[in-house]
Amino acid sequence: MINLQRLNMDNSWFIEFDTIKLLVDPWLQGTEIDFFSWFNMQWHRTPPLAFDNVPSYDAVLITQKYPDHFHKETLLKLQPKVIIGPRSIAKDVQKILPQTAFLPLDKKVNKITIKEVDIHFLPTRRAIDPIYDCFVLDDGKESVYFATHGFSLDQKHKDQLAGVSDCKLLITPFNLYKLPFFLGGVVSPGIDGVKTLFDQIQPKVIVPTHDEDKHAKGLVTFFAKVVRAVPTDQLKALPWLSSTYQPLDHYKLTTIS
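Residues numbered from 1 in each chain as written. Predicted model: local features only at pLDDT ≥ 70, side-chain atom pairs only at ≥ 80, totals over all residues. Heavy atoms only, no water.

Per an unreviewed UniProt entry, the chain carries the name MBL fold metallo-hydrolase and comes from Flammeovirga kamogawensis.

Caption draft 1: Looking closely at the pattern of salt bridges. In this structure the tally under the stated criterion is eleven salt bridges. When the shortest N-O distance is used, the salt bridge between Asp58 and Lys115 registers 3.0 Å. With Asp58 in the loop between strand E5 (41-43) and strand E6 (59-61) and Lys115 in the loop between strand E9 (111-114) and strand E10 (117-122), this pair connects stretches of sequence that are 57 residues apart. A single network of salt bridges, built from pairs that share partners, joins Arg45, Asp213 and Arg228. (Salt bridge = Lys/Arg side-chain N within 4 Å of Asp/Glu carboxyl O. Helix = DSSP H or I, 4+ residues; strand = E, 2+ residues; numbered from the N terminus.)

Caption draft 2: Structural detail: the pairing of strand E12 (residues 143-146). Along E12, one buried face is formed by Ser143 and Tyr145 and the opposite face, lined by Val144 and Phe146, is buried too. The pairing of strand E11 (residues 134-138) with E12 spans four bridges and is antiparallel. Bridging across to E12, Phe135 finds its partner in Phe146. Two strands pair when backbone bridges link them, and E12 and strand E13 (residues 167-172) are joined in this way by four bridges, in the parallel orientation. For Val144, the partnering residue across the bridge sits in E13 and is Leu169. (Buried < 20%, exposed > 50% of the residue type's maximum accessible area, 1.4 Å probe, protein only. Pairing = 2+ DSSP bridges.)

Caption draft 3: Expanded view of the sheet that holds strand E2 (residues 13-16). In space, the seven strands of this open sheet follow the order E8-E7-E6-E3-E2-E1-E19, with mixed pairing throughout. Of all strands in the sheet, those with a lone pairing partner are strand E8 (101-105) and strand E19 (254-256), marking the two edges. Direction aside, the axes of adjacent strands within the sheet are offset by 25° on average. Relative to E2, strand E1 (residues 2-6) runs antiparallel, the two sharing four bridges. Looking at E2, one finds that Leu4 is bridged to Ile15. (Axes fitted to C-alpha atoms, helices over the stretch in contact; angles between N-to-C directions.)

The structure is reproduced here in structure tokens:
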């Protein structure tokens, strides 16, 4: 059984397996700033779930090192006991949450097991920023892929995932978000990226993420090219999406079946 709930209309989630409950990339207040506000500052257009309504959880999973995923202000408010994430955030976690246990993942330590769920870290092959990795959660019966900026599996990734359960749920963005090459290039590959992952992992359900039309200002906004996914009825008309696409546009707990 997998239960899923949005915590905001962007990329914050609560996910529950039979044995563990996780918050993923919680950002529930304030802004996110990349380097400087004049460079990139964003904030939610739709208010996130209130802190008082956040479900109880065992740990927080951070999927990327950037502040819209690793949101320090929210984590300080939540005070989680355990954080799982890329090793690149280890020093910052220790600095802001010295009492929190941090379980790091990287190219060398690419899997941990917590409460009977394996968490796999799939590193991008890109050598310079922006770097967007992928996480796979597997309880031995079904798996969930968090590809929060899209992803494409190469043979090494596939070898790493040998023996992982069939993909029940893929969580990935549908919008195309592209910057000039000198600012990082493709941030989110859009519907073509969704199709790439669909072909590679054959998920039973696909839920869009990280597509909120946030308030934004700064240099990045000036240069960004955003192509938003077509309406739901048109997406469901795509043969490969017709039975798998499940948009969650609310904050209700949903069982993924």
